[in-house]
Amino acid sequence: MHKFSQFDLHLNIRRLPLTYSLGDLTAIREIFTPENGDSGRTQLPNLPPISEPILQNGNEIEGYFVQHSPAIMVAIRKFLQEIAAQTKLDQQSRKPQHSELIQNYADVRRECISRIGGHLLEIVKQERRLGLYNLYWLVLSKYLVNLLETVISEKGEKKNRLKLTILPIIAQAFQETIEQVKRYFQKYDIQKRRYSQYIDDTMISHLGSAFNYEFSRAVITEQVHLVFPMLSAHNVLECAQAIFAPENKKYHISYQEFFEIYSGVRAYMERQWDRQDAAFGDMIATVLKIPLQTVKNIPIEALLFHPTIITILAEEIKRLPVKGASRKKVLFKSWTPQLGNMIGEDSWEFALSDYLSFAKDLRRSEIILFLRQRIQFIMPAANKIAADNPKHHSDEATADKISYQFEKGAIINDLRHVTLLLLDLRGFTELSASDISDHQLKEHLYNFFDPAVNILNHFGGIIKTYAGDGILASFGGQKDHALNAVRAAIEIQKLFQRLKHDQKIAFAGMGIGIHSGLVEETYFFPDLESPSHNTVIGLTANLVGRLSSGKVEKKRQFDKQAISALNEYLQVQTQEGDITPASLAIFEDRLFQALETLQQQQFIQSVQEEFGQKASVSVVHGVLNNNGIAISNATFKHIHALESFQEIEAKSSVKYSYLDKVLQERILLIKAGDAMFKGIEGKFPVWGVYVDRKASTAKTKHPST
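Since the model is a prediction, treat every value here as computed from it, not as a measurement.

Evaluation of the coordinates by the stated rule reveals 5 cavities of 30 Å³ or more. The space that makes up the largest cavity amounts to roughly 80 Å³. Forming the boundary of the largest cavity are Ser-21, Leu-22, Asp-24, Thr-26, Ala-27, Glu-30, Val-287, Leu-288, Lys-289, His-306 and Arg-363. Listed by contribution, the elements that provide at least two residues to the lining of the largest cavity are helix H1 (25-31) and helix H11 (278-288). In terms of residues, the lining of the largest cavity owes the most to one element, H1, which gives 3 residues. Split into classes, the residues belonging to the lining of the largest cavity amount to 4 nonpolar, 3 polar and 4 charged.

See the structure below:
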């Protein structure tokens, strides 16, 4: 919910841009607090944390891509058609209906309940306290609004009145579906407890013990957002006229009586504003929990339908004069009819209760409408991502974007292309086993991790995991996610060196691995109440861990004498004709190791000579040793697709450079070699990332291709 809020400069709070409530998180929590519930303990209605930019009326807003479900549309449409047909028959005649019609209605109703129930079962099983349950009910309400417009052929007031007749029947069917789902999970949990008696109830575990069911209940039962989905700041009376129809059994008063109460309350509040009544201002500030100086900036519509304010003013509202009523004479005295007199002493409480009930519906429906507008339907498609094509981005396509589907299989299609960065501190274990105290070690971690996280956040990184001496961060959403990961790594490397120089940290070193590829989000429960913890899984996450590795084989020196002795031995054996395949294999292996060691020494020496710095990323006998920044070939390709590379002539290895326009520094990419990782077939090309210390950033021009 917080992600959709905006900072209001006039009220000095973050809030949803609403009209009929304050729209801050406290107000939303109170609006969806169950009757007789404690708003302080009520959880905010939650929706999935991962959203995407969607287009609405030509503007880009945060929202959700949801795959269109033709099957559920058909089921709801058939049910609505049967309800509408039955309703019209009931209105036209009181004769008993034909048994075939009744049976057909029952079959269609059962099919709709069965299909929605099947979706809900799968949603609860896949729900990880993310808000999928609430999102589904918003999706259903969006379908329902569209279908009501097409199924009901009547126009104007007749259409609205038929909606008001149909909606309670739909709500009853939906609530029956929920009860069936609850009964299913009661049996399901009995089966699960065969494995352990300590397994919690599935619905409590997956939704959370503090889950707010009031939001989904409001989506099902509140009328305004379904009957009058075009609600705005200027048409509340038109909305009320549609709701306070004679067919609506929810209310006892007429629209005219509602209008009299509304007009009287509005006139009273405007008069208090004009008088600058201090007591009235204090009461508003206290109820809304805002500073007194900001009260004057609150739109009056947010006060007209606030239940606590209306309840406090109930007696004064009762004595308000009826708008437009003429004064009457009684026993030579004139008096103006009051609202309480017009409605009747016995009926006043019912009238005020109806006004408050409409206010509750209005305020809830406005929030539901605001969130429902952030759902964009897309056609079902294989949401495949071209992992090897870094230019696979399109503003119009939904590929590589998070989407949701409720028809079958995985609900969240969150397999997407990102760049992962894993930072690993060296010497943490040895340091924790030394004389340093736990408090001092904690301070060293804070000194480094706090600013490092600031750097990661600045470049768009999202922290996925803290692992004592390491951080896993994900970069995605933008086409330059690989570049941003490298930029963050370079700045973190500078931070580490400065802190090390000033003796603010005592870690021996640091290795950063970066790899681009496909990942999938996973969510785990810490307990029954807390939000789930999420991280990423997949080969990409596995590989980035390997890239940050600082382990290396025992150092081998290039031994010319050993190679010479082996050569002499082989010549003797050849002359005598006694050479064996085993002897030849030993010689080839030793020779290969010697040559590889020689090449590695030449590589390290060439980096030192050409760029004036030590090679911090190297591969010896297929084993990666990373004490700097190591990137995979996939990340290299991503960067190459976005930047103009300049190839550098070098004595050994392959070297490229490019000018980073954000950091304003020339970056070197030097191939360290082909690593071999346990459990992964084939060789894995690794590149080291360096800042070119010899380049003058002030005079460097962007190299041409």
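Core analysis: the largest hydrophobic core is formed by 128 residues, its most contacted members being Trp-137, Phe-258, Met-269, Phe-305 and Phe-358. The biggest single contributor to this core is helix H4 (residues 132-151), with 14 residues. Counting only domains with at least three residues in this core, you end up with domain 1 (1-31 + 231-321 + 336-369) and domain 2 (45-221). For Phe-258, the residues in contact, after removing those within four places along its chain, are Leu-237, Ala-240, Phe-244, Ile-253, Phe-305, Tyr-355 and Phe-358.

With 7 of 8 residues buried, strand S21 (residues 684-691) is to be regarded as a mostly interior element. As defined by bridge partners, strand S17 (residues 629-632) adjoins S21 across 3 bridges and the pair is classed as antiparallel. Bridge pairing links Ile-631 to Trp-687 in S21. Two strands pair when backbone bridges link them, and strand S20 (residues 665-675) and S21 are joined in this way by 8 bridges, in the antiparallel orientation. Paired with Asp-674 across the strands is Pro-685, a residue of S21.

Okay, the packing of helix H9 (residues 236-243) against helix H10 (residues 255-275) next. At a minimum axis separation of 9 Å, H9 and H10 run at an interaxial angle of 145°. Handedness of the H9/H10 crossing: right-handed. On the side of H9, the interface is formed by Val-236, Leu-237, Ala-240 and Gln-241, while H10 contributes Tyr-255, Phe-258, Phe-259 and Tyr-262.

Burial of the side chains of strand S15 (residues 617-620) extends over both faces: Val-617 and Val-619 are buried on one face and Ser-618 and Val-620 on the other. For S15 and strand S16 (residues 623-626), the ladder comprises 4 bridges, and the chain directions are antiparallel. Bridge pairing in S16 links Ser-618 to Asn-625. Hairpin geometry of S15 and S16 is characterised by an intervening segment of 2 residues between the two adjacent antiparallel strands and by a positive phi of about 55° at His-621.

Following the criterion strictly, the structure yields 29 salt bridges and no others. A salt bridge links Glu-214 to Arg-217, with the shortest nitrogen-to-oxygen separation between them at 2.5 Å. Taken as a pair, Glu-214 and Arg-217 lie in helix H7 (residues 214-221) at a separation of 3 residues, close to a single helical turn. Arg-217 sits in the partly exposed class, given a relative accessible area of 38%. The partner of Asp-674 in a salt bridge is Lys-671, with the nearest N and O atoms 3.7 Å apart.

Conventions adopted
Residues numbered from 1 in each chain as written. Predicted model: local features only at pLDDT ≥ 70, side-chain atom pairs only at ≥ 80, totals over all residues. Heavy atoms only, no water. 1 Å grid on protein atoms, 1.4 Å probe; cavity = no way out; pocket = protein on both sides within 12 Å on 5 of 7 lines; lining within 4 Å. Points joined across faces, edges and corners; volume = space filled by probe spheres on them. Helix = DSSP H or I, 4+ residues; strand = E, 2+ residues; numbered from the N terminus. Nonpolar A, V, L, I, M, F, W, Y, C, P; charged D, E, K, R; others polar. Core = buried A, V, L, I, M, F, W, Y, C linked by side-chain atoms within 4.5 Å. Buried < 20%, exposed > 50% of the residue type's maximum accessible area, 1.4 Å probe, protein only. Domains from an automatic or database assignment. Contact = heavy atoms within 4.5 Å. Pairing = 2+ DSSP bridges. Axes fitted to C-alpha atoms, helices over the stretch in contact; angles between N-to-C directions. Left-handed = near helix turned anticlockwise from the far one by under 90°. Salt bridge = Lys/Arg side-chain N within 4 Å of Asp/Glu carboxyl O.

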